Each structure stands twice: as C-alpha cells, then as structure tokens.
Amino acid sequence: MIAAYTIENRHIKKAGISDISGKATRWIRAVNPDAAEIEKLSKIVNVPIGEFEEFLTEEERPRISKEKYLQIIFDTPFRESGEIETIPISIFLYKNILLTLEKQKVTVLERFEERLSSNKSAFLLKRRPGYFAFIMLDKINDKFLSRINTIDDMSTILKKKAKKFEPDVVERIYNHSVTLSFFHQALSANHEVLNSLRKSHYTGFTSHDRSNFNELYLDSLAIRSEERRVGKECRSRWSPYH
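(A) Looking closely at the pattern of salt bridges. Inspection of every chain in the model, using the stated rule, returns ten salt bridges. We note a salt bridge from Glu113 to Arg29, for which the minimum N-O separation is 2.6 Å. Here Arg29 lies in strand β3 (residues 26–31) and Glu113 lies in helix α3 (residues 107–117), a separation of 84 residues in the sequence. Summarising the burial analysis for this pair, Glu113 and Arg29 share the class buried. Residue Glu114 is joined to Arg111 by a salt bridge in which the shortest nitrogen-to-oxygen separation is 3.3 Å. Residue Glu114 and its partner Arg111 are both found in helix α3; the two are separated by three residues, about one turn of the helix. On the basis of relative accessible area, Glu114 is assigned to the partly exposed category, the value being 43%. Here Arg111 falls in the partly exposed class, since its relative accessible area comes to 46%. Because the salt bridges share partners, they merge into one network encompassing Arg29, Glu102, Glu110 and Glu113.

Right, here's the structure in full:
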C-alpha cells in the first residue's frame, strides 16, 4: 500500500506517488510495498532498491544512515497476536520528501494518515520534512511512555486484587516484564539515534530541527528511567518472595 500527501492552495491533497512535483513537503507512506512499488520509490527518493529490500526482509535495529538522503530507523510499540512488542519503521528524508516504510501498519502513522485524510494537521506539511520527522518520533516516544504507564497501572492492580499469588497473576505480570525487556532494548537503540540526530549535519535540517531532536533526546532519558523503574517493580511483583 502506498499513499502520498501534500498541501496545495492551503488544502491537503492526496496524490499519486508520481505526482510529487512542487516545493511543498510531501509525505509518502509505504506499507510492505511490492517489487514494482519499491522500484518507483527508489527513483523518487534516490535510495537504492537494496535499502528497501533489506529493511523489509531483515531484522533491522534503530540507526541512521546519511547519503544523498537521510535514513532513520526507529522502533515503535506494536501489538502482535495480543502481545505488545516493538517493530521498526524506516524514515527517508530527501529534499522536500518524507517517505515512511513499514513492514506492517503502525498505529502512530495510521493516526497521521487519518488526520491528513480528513484535511486536518495541515501544519505538518507546511514545514520542512525535518519537522514532520520530529513530530513522528515525538509521538513514538509518547506511545512508549503511555504503554509503560499502562503496564505499571495494570501490574499494580493485579497484585492488589490477587488474594494469593495465583499462577495466572504470575503469568500476566511476567508477560508485562517481558514486554518491558523489549522496550528496554528498543529505547536504548532509539536513544542513540536521537543522539545522532541532534548532532547531525544533514543539510535538510535547520538549527530548529536539531533543537527539536535534542528535546526528544532529553525526553528519551526520562522515558528510559521510567522503564527501568517500572521494570524493577514488575520483577518484584512477579516474585512470590516479595
């Protein structure tokens, strides 16, 4: 699936991927594109086909790569068969284009598309792509923190309601602990990406973009601290000896 959005005469326009002329910011969203779509995308953002194929077929860790384009790979929470895990998204920045690549549909990007499809949040396309990328990463940080807070609340309730340390309670709190271990790895890797972005000399970034990424970097410190606190408490609640 591929969708593209831009702004024209102050209104958000859903466009075909071949209709990307003009100076306004373009967001192209690609979800598990096929070979023909990948070839088109490769030409539009000047990214080798192999970069698309590698991301879609391999287990990619968060990182950035700077060529004529900038690639950001960033982990986000993801629900798989009822369990909360993490999944990477890839963001390509090239001139006035922001291209996002997903293996499966990710909630954060779904929300952006819903708003743009309803002619809302036009401000995202009135600024440079670096600003849109910042907002995306900020929403992913928010999603991590929200999930961590939910796990904290749920595990506290489970412990208080249990009359004794029942096996199903142990299992559910243990599952929360496993989710947090996934989050720990993802947040650590995302943190390094943000550290690189705030120092990046990518020509498409303004000084304001770098300042925004610095804010995300500082936010990620707080989120990682909260994850460690909740993880420690979950492990304590899971143990029958506490």
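So, next bit.
(B) Geometry of unusual backbone geometry. Of note, Lys95 is a non-glycine position whose phi angle comes to about 55°, a positive value. Position of Lys95 relative to the elements: it lies in the loop between β6 (83–94) and β7 (97–102).

(C) Region of interest: the packing of helix α1 (residues 35–45) against helix α2 (residues 49–57). One way to put it is that α1 packs onto α2 with a least axis distance of 8 Å and a crossing angle of 125°. One way to sum up the angle between α1 and α2 is to call them oblique. By crossing handedness, the relation of α1 to α2 is classed as right-handed. Mapping the contact onto sequence places Ile38, Glu39, Leu41, Ser42 and Val45 in α1 and Ile49, Phe52 and Leu56 in α2. Partitioning the contact of α1 with α2 into residue classes produces six nonpolar, one polar and one charged.

(D) Region of interest: the packing of aromatic side chains. Counting across every chain of the model gives ten aromatic pairs. Centre to centre, the rings of Phe112 and Phe132 are 5.5 Å apart; their planes meet at 70°, and the pair counts as edge-to-face. Taken together, the residues Phe112 in helix α3 and Phe132 in helix α5 (residues 129–161) connect sequence positions 20 residues apart. For the pair shown, Phe112 and Phe132 are each scored as buried. Through a chain of ring-to-ring contacts, the aromatic side chains of Tyr5, Trp27, Phe112 and Phe132 assemble into a single cluster.

(E) Region of the structure containing the sheet that holds strand β2 (residues 11–15). Here seven strands make up an open sheet; going across it, the order is β2-β1-β3-β7-β6-β5-β4 and the pairing mixed. If you trace the sheet from one side to the other, it starts and ends with β2 and β4 (63–66), each paired once. Geometrically, the sheet is characterised by an average inter-axis angle of 20° between neighbouring strands, direction not taken into account. Sheet contacts for α2: β4, β5 (70–80), β6 and β7; angle to β7, the most-contacted strand, approximately 35°. Here α3 sits on the sheet in contact with β1 (2–8), β2, β3, β5, β6 and β7, set at roughly 130° to β3.

Criteria and cut-off values
Residues numbered from 1 in each chain as written. Predicted model: local features only at pLDDT ≥ 70, side-chain atom pairs only at ≥ 80, totals over all residues. Heavy atoms only, no water. Salt bridge = Lys/Arg side-chain N within 4 Å of Asp/Glu carboxyl O. Helix = DSSP H or I, 4+ residues; strand = E, 2+ residues; numbered from the N terminus. Buried < 20%, exposed > 50% of the residue type's maximum accessible area, 1.4 Å probe, protein only. Axes fitted to C-alpha atoms, helices over the stretch in contact; angles between N-to-C directions. Parallel < 35°, antiparallel > 145°, perpendicular 65-115°, else oblique. Left-handed = near helix turned anticlockwise from the far one by under 90°. Contact = heavy atoms within 4.5 Å. Nonpolar A, V, L, I, M, F, W, Y, C, P; charged D, E, K, R; others polar. Phe/Tyr/Trp six-rings, centres within 6.5 Å; stacked < 30°, edge-to-face > 60°. Pairing = 2+ DSSP bridges.

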